[in-house]
Amino acid sequence: QVQLVESGGGLVQPGGSLRLSCAASGFTFSSYDMIWYRQGPGKQRELVAGITSAGGSTNYADSVKGRFTIARDNAKNTVYLQMNSLKPEDTAVYYCYATFRRSYWGQGTQVTVSS
């Protein structure tokens, strides 16, 4: 059974940090590119950051460049999103997404940035 389970979300003040994790099971994680998406209130889902299967290449949305870092540990079947200097506009549900021959979504984790 394929599972992507996000964790690490929560309430944080502007300027703060969070680290999201996405634990994968039920498929060959190391073969899949991994992407973090987010969907803010009243907004469309948008790509935040992606990383290739071996971790050799990453890409970021312009809105998070220099603040967020995506990383993966293929030995632990986990992808991470380190989020620093958080802003209220980063408030969203964050989803991890695995893609290769098939694609899978996690259930999402809420991140709220507010004072």
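These lines cover the structure that appears in this document, whether it is placed above or below.

Moving on: the environment of S25. Among the secondary structure elements, S25 is positioned in strand β3 (residues 18–25). A C-alpha to C-alpha distance of 22 Å links S25 and T69, two positions 44 residues apart in sequence.

What follows covers the sheet that holds strand β1 (residues 3–7). An order of β1-β3-β8-β7 is seen for the 4 strands of this open sheet, with the pairing classed as antiparallel. Edge strands, defined here as strands with exactly one partner in the open sheet, are β1 and β7 (68–73). Across the sheet, the mean angle separating the axes of adjacent strands is 15° when strand polarity is ignored. Across 6 bridges, β3 lies against strand β8 (residues 78–83) in antiparallel orientation. Within the sheet, the bridge partner assigned to C22 lies in β8 and is V79.

A complete count under the given rule lists 4 salt bridges for this structure. Across the pair R67 and D90 runs a salt bridge, and its minimum N-O distance is 2.7 Å. Placement of the pair is R67 in the loop between β6 (58–60) and β7 and D90 in the loop between β8 and β9 (92–99), with a sequence separation of 23 residues. The pair R67 / D90 is uniform in exposure class, with both members buried. Counted as one network, the salt bridges with shared partners bring together R38, E46, R67 and D90.

Cut-offs and rules
One numbering rule holds for all chains: residues counted from 1, following each sequence as written. Local features in this predicted model are restricted to residues of pLDDT 70 or higher, and side-chain atom pairs are both shown and tallied only at a pLDDT of 80 or more, whereas totals for entire chains, interfaces and linings draw on every residue. Hydrogens and water molecules were not included; the side-chain quantities draw on all heavy atoms of the structure. The helix count covers DSSP runs of H or I at least four residues long, the strand count covers runs of E at least two residues long, and both are numbered beginning at the N terminus. The criterion for strand pairing is that DSSP finds at least two bridges linking the strands in question. For helices, the fitted line uses only the C-alpha atoms of the stretch in contact; every axis is such a line through C-alpha atoms, and the angle between N-to-C directions lies from 0 to 180 degrees. A carboxyl oxygen of Asp or Glu within 4 Å of a side-chain nitrogen of Lys or Arg is what we treat as a salt bridge. To sort residues, take the accessible area from a 1.4 Å probe on protein chains only and compare it with the maximum for the residue type: under 20% means buried, over 50% means exposed, and anything in between is partly exposed.

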